[in-house]
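# A look at the structure
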Amino acid sequence: QSIDYDKEYVYLTLETGEVLTIPLNDSNKYSSAECVAAFVEEMNRMAKYIGADNSVFYDPVGIENTSTTYDMAHIALYGSGYDKLWDVWSTPEYTVRLYKDGSSRTKKVQSTLYSSDSDVLTGHYQVLGGKTGTLSKPKTYNLISICQSRINPDALYLICVFNADGSNSETGNRFQATKEIMD
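Just so we're clear, the structure is a prediction, and the values are computed from it rather than from any experiment.

### Structural notes on the overall build of the protein chain
Looking only at helices and strands, the protein chain features five helices and eight strands. When the helices and strands of the protein chain are read in sequence order from the N terminus, they spell out β-β-β-α-α-α-β-β-α-β-β-β-α. The burial tally for the protein chain puts 30% of its 183 residues in the buried class. Here the contacts in the protein chain between residues at least 6 apart in sequence split such that 35% fall between residues at least 24 apart. Total accessible area computed for the protein chain in this model is approximately 11600 Å², and 54% of it derives from carbon and sulfur atoms.

So, in structure tokens, the structure goes:
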């Protein structure tokens, strides 16, 4: 899987020969700010539609958004019904092509679900999917994960941890907290 970006489109290669093209600016009909605003409006509409009533999104990145662990778990559960999301969740590394001033470069991006910080969790459970996040004020680490027990494969867990601190390692406590909840 790869993601390519230029000033007008995002190109997401989902499978060999399959490319999803997302226009960033429909022939200059909309400004970039208007495109982002429309996307955020759709995020809020969808959150309400699926019952995440305590979530408000202000940006697509997540830095200024507000939510609850219940709502985020609800959103993850809803999203888990989509095969393509499972494909994204199970991919430990992506190659991204960045464009600037007519030139491009590639960069490999590793999923934080499969980083060395997650070892405390993955020794006992198989991480099937999820999303990490970080808030800057105050600096807290978040994790939504769907995991399977290595001892009892019929045991599935959907865990949402907010506000883990990073005192053990830069981001390790969110994985440790998830393991402790499942244990």
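### Points about the side chain of serine 145
Assignment of secondary structure puts serine 145 in strand 7 (residues 139-149). Excluding its chain neighbours within four sequence positions, the residues that come into contact with serine 145 are Gly129, Gly130, Tyr157, Leu158, Ile159 and Thr178.

### Focus on the pairing of strand 7
Taking burial as the measure, the 11 residues of strand 7 include nine buried ones, the bulk of the element. Counting the residues between successive antiparallel strands, the hairpin from strand 7 to strand 8 (residues 156-164) contains six residues.

### Details of the pattern of salt bridges
Any two side chains of opposite charge can pair if their charged atoms end up close together. Applying the stated criterion across every chain yields a total of three salt bridges. For glutamate 42, the salt bridge identified is with arginine 45, shortest N-O distance 2.6 Å. With glutamate 42 and arginine 45 both in helix 1 (residues 32-49), this residue pair falls three residues apart, about one helical turn. Between lysine 108 and glutamate 93 there is a salt bridge; the shortest N-O distance is 3.8 Å.

### Brief notes about the pairing of strand 8
Relative to strand 8, strand 7 runs antiparallel, the two sharing seven bridges. Looking at the pairing, isoleucine 144 lines up with cysteine 160 of strand 8.

### Details of the packing of aromatic side chains
Tallied over the entire structure, the rule returns three aromatic pairs. Plain terms: the ring middles of tyrosine 78 and tyrosine 82 are 5.9 Å apart, the flat faces sit at 55° to each other, and that makes the pair tilted. A relative accessible area of 32% places tyrosine 78 in the partly exposed class. For tyrosine 82, a relative accessible area of 46% corresponds to the partly exposed category. An angle of 85° between the planes, with centres 5.8 Å apart, marks the rings of tyrosine 125 and tyrosine 157 as edge-to-face. With tyrosine 125 in strand 6 (residues 125-136) and tyrosine 157 in strand 8, this pair connects stretches of sequence that are 32 residues apart.

So, how was this worked out
- Residues numbered from 1 in each chain as written.
- Predicted model: local features only at pLDDT ≥ 70, side-chain atom pairs only at ≥ 80, totals over all residues.
- Heavy atoms only, no water.
- Helix = DSSP H or I, 4+ residues; strand = E, 2+ residues; numbered from the N terminus.
- Buried < 20%, exposed > 50% of the residue type's maximum accessible area, 1.4 Å probe, protein only.
- Contact = heavy atoms within 4.5 Å.
- Areas by Shrake-Rupley, 256 points an atom, 1.4 Å probe, with all protein chains shown as cover.
- Pairing = 2+ DSSP bridges.
- Salt bridge = Lys/Arg side-chain N within 4 Å of Asp/Glu carboxyl O.
- Phe/Tyr/Trp six-rings, centres within 6.5 Å; stacked < 30°, edge-to-face > 60°.

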